[in-house]
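Residues per chain are reported as follows:
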Amino acid sequence: MPKEKAAPKQVEDENFNFIVRIANSDIDGQKRAVIGIQSIKGVGRRVSHIVIKKANIDPAIKMGNLPDDKVKELEKLIQTYVEYAPSWVINRQMDYETGADMHLLGNDLELIQKDDVNRMKMIRCYRGVRHETRRKVRGQRTRSNGRKGLTMGVSKKK
C-alpha cells in the first residue's frame, strides 16, 4: 500500500485574519491580495492591479497577512480610485444626472444599473424595449443562439 502524502501545513501567525472587510464586502483571508480585492463588486482584474501597485503591496501576499494599516490604505485607495485612475478605466463616466465621473462599488453599482435600465424602458428606447422583452440587447444574433422555450430544436417540414 502506498503511503498517502499529507498536505503541507501552512504556518500562519496569530494575527492572521480569515475574513477581511473592505468596502462593505467580506474578503477571504486565504486569497492572494490581487484576487481577494476582485471579490468586491465593481473591482475587476485591471482595477485590482492598479490599486495594489499604488499601495506598494506584494500581489502574492495573502489578504489575511496584511496589517490593519495596509487594509485601511487599500480601502481608502479603492474609495478614491476615480481621483488617480485614467477616465477610461472608470466604470461610470459622465453620469446621467450629475455629469461627473464615478467609480461605483457594491450595492451602489446594482442600484444605478437598475435605474438606467428603468429609464431606458420609460423613454421606450430600443435598448429599453429589448430589456423589457428579455431579448439580446447588444446586437447579438437571435436566430440560432439564446433560444428557450418552444423555439428550441429543429423541426422538419411535413
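Above this text is the structure in question.
Starting from 1, residues in each chain are numbered consecutively following that chain's sequence as written. In keeping with the model being predicted, local features are shown solely for residues with a pLDDT of at least 70 and side-chain atom pairs are shown and tallied solely at 80 or more, while totals for entire chains, interfaces and linings include all residues. Excluded from the side-chain calculation are hydrogens and water; included are all heavy atoms of the structure.

Asks: Describe in detail the side chain of Ser25, supporting the description with residues and values.
Replies: Secondary structure counts use DSSP, requiring at least four H or I residues in a row for a helix and at least two E residues in a row for a strand, with both numbered from the N terminus. Of note, Ser25 is situated in strand β2 (residues 25-28). Contacts are assigned to residue pairs with any non-hydrogen atoms lying within 4.5 Å of each other. Ser25 has contacts with Val20 and Ile40, leaving out every residue within four places of it along the chain.

Asks: Describe in detail helix α3 (residues 68-79), supporting the description with residues and values.
Replies: Spacing of three or four residues puts side chains on the same side of an α-helix, whose turn is 3.6 residues. Here α3 contains twelve residues, and its C-alpha end-to-end distance of 17 Å stays within 8% of the 16 Å for a straight helix at 1.5 Å per residue. Val71, Leu74, Leu77 and Ile78 are the residues of α3 that are buried. All buried residues of α3 lie within an arc of 125 degrees about the axis, which places them on one face of the element. Along α3, the residues that are exposed and aim more than 90 degrees away from the buried face are Asp68, Asp69, Lys72 and Lys76. How far a helix is expected to stretch is found by multiplying one less than its residue total by 1.5 Å. Accessible area is worked out with a 1.4 Å probe on protein chains only. A residue is then buried under 20% of its type maximum, exposed over 50%, and partly exposed in between. Along the arc lie the directions from the helix axis toward the C-beta atoms.

Asks: Before we move on, can you summarise the pairing of strand β1 (residues 19-22) with the specific residues and values?
Replies: Only one face of β1 is covered, namely the face carrying Val20 and Ile22; the face carrying Ile19 and Arg21 is uncovered. We treat two strands as partners when DSSP finds at least two bridges between them. Two elements, β1 and β2, share four bridges in a ladder whose sense is antiparallel. Bridging from a neighbouring strand, Ile19 pairs with Asp28 of β2. Counted between consecutive antiparallel strands, the loop separating β1 from β2 contains two residues, among which Ala23 sits at a positive phi close to 55 degrees.

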